[in-house]
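# Survey of secondary and tertiary structure
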Amino acid sequence: MSPIEEIIKTTIEYDEQFGSDWSSFSLVIRLDEDGLPNGTNGYLYKADGDFEAISVKPRLLRPSVLPYLKDIYGDDKLPIKMLVQFDRLSGRYKTEFEDKDDSRWRVRPADIDGYIEELRPKFEA
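Residues numbered from 1 in each chain as written. Predicted model: local features only at pLDDT ≥ 70, side-chain atom pairs only at ≥ 80, totals over all residues. Heavy atoms only, no water.

## Digging into helix H2 (residues 58-73)
Taken as a whole, H2 carries its principal kink of about 40 degrees at Ser64; the proline Pro67 stands between one and four residues after it. Regarding H2, the residues found buried are Leu61, Ser64, Val65, Tyr68, Leu69 and Tyr73. Among the residues trailing H2, Gly74 stands out with phi positive, at a value near 60 degrees. (Bend = angle between axes of the 7 residues up to and from the residue. Helix = DSSP H or I, 4+ residues; strand = E, 2+ residues; numbered from the N terminus. Buried < 20%, exposed > 50% of the residue type's maximum accessible area, 1.4 Å probe, protein only.)

Structure below.
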């Protein structure tokens, strides 16, 4: 199994919310200077449009996140955050990285609904 498949599998197996009728998820993984996860937050999106907050213990992602980052970044400086989006129906996934801006993908209580929609996976047909 590839590192990204391990990240997705670990996320799905960790949170009990995945026992419900869900269609996709987004998970923000905060990274330390060595590329190791040190925090997570995200959302599970249900088929009816509803959502639930999710997270994964960072230590469970460590065996797969660093190899994934090394495949992409090699010996270059690693990012400070990583966004993983997965669509259950199509099996498609997308990752994005943030190299400098710590405020990117940060929960903003004043605009929580906008933030939740910003993270909702949108895959081109």
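Moving on from the model shown.
## Focus on the environment of Thr95
Mapped onto the fold, Thr95 is located in strand S5 (residues 93-98). In sequence terms Thr95 and Glu5 are 90 residues apart; their C-alpha atoms lie 12 Å from each other. If sequence neighbours within four positions are ignored, Thr95 has contacts with Ile4, Tyr68, Met82, Leu83 and Val84. (Contact = heavy atoms within 4.5 Å.)

## What about unusual backbone geometry?
Look at Trp105: it is not a glycine, yet its phi comes out positive at around 60 degrees. With respect to the element layout, Trp105 can be found in the loop between S5 and helix H3 (112-119). You can call Trp105 buried: its relative accessible area is 4%.

## Here's the deal with the packing of aromatic side chains
Scanning the model with the defined rule gives 10 aromatic pairs in all. Relative to Tyr45, the ring of Tyr43 has its centre 6.4 Å away and its plane inclined at 45 degrees; by these criteria the two rings are tilted. In this arrangement the basic side chain of Lys94 is found over the ring face of Phe123, its NZ or CZ atom lying 5.6 Å from the centre. (Phe/Tyr/Trp six-rings, centres within 6.5 Å; stacked < 30°, edge-to-face > 60°. Lys NZ or Arg CZ within 6 Å of the ring centre and 35° of its normal.)

## Points about the pattern of salt bridges
Tallied over the full model, the rule gives 6 salt bridges. For the salt bridge of Glu52 with Lys46, the shortest nitrogen-to-oxygen distance reads 3.3 Å. Assessed through its relative accessible area of 17%, Lys46 is described here as buried. Taking the shortest distance from any N to any O, the salt bridge between Glu117 and Arg120 comes out at 2.9 Å. Since its relative accessible area comes to 37%, Glu117 is described here as partly exposed. (Salt bridge = Lys/Arg side-chain N within 4 Å of Asp/Glu carboxyl O.)

## Details of the confidence of the model for the protein chain
For the protein chain, per-residue confidence averages 91 on the pLDDT scale, and residues scoring 70 or more make up 99% of the total. No element of the protein chain has a lower mean pLDDT than H3, which averages 83, and none a higher one than strand S4 (residues 81-87), which averages 97. (pLDDT = per-residue confidence, 0-100.)

## Some points on the pairing of strand S3 (residues 51-54)
Strand direction decides the pairing type here: strand S2 (residues 37-46) and S3, joined by 4 bridges, are antiparallel. Residue pairing for S3: Gly42 is matched across the bridge by Ile54. Hairpin connection from S2 to S3: 4 residues lie between these consecutive antiparallel strands, with Gly49 at a positive phi of about 95 degrees. (Pairing = 2+ DSSP bridges.)

## Examining the side chain of Thr10
Among the secondary structure elements, Thr10 is positioned in helix H1 (residues 3-14). Residue contacts for Thr10: discarding those within four places in its chain leaves Val56, Leu60 and Leu61.

## Some thoughts on the side chain of Thr40
In this fold, Thr40 is placed in strand S2. Given the relative accessible area of 11%, Thr40 is considered buried. Not counting residues within four places of it along the chain, the set of residues in contact with Thr40 comprises Leu27, Val28, Ile29, Arg30, Ser55, Val56 and Leu61.

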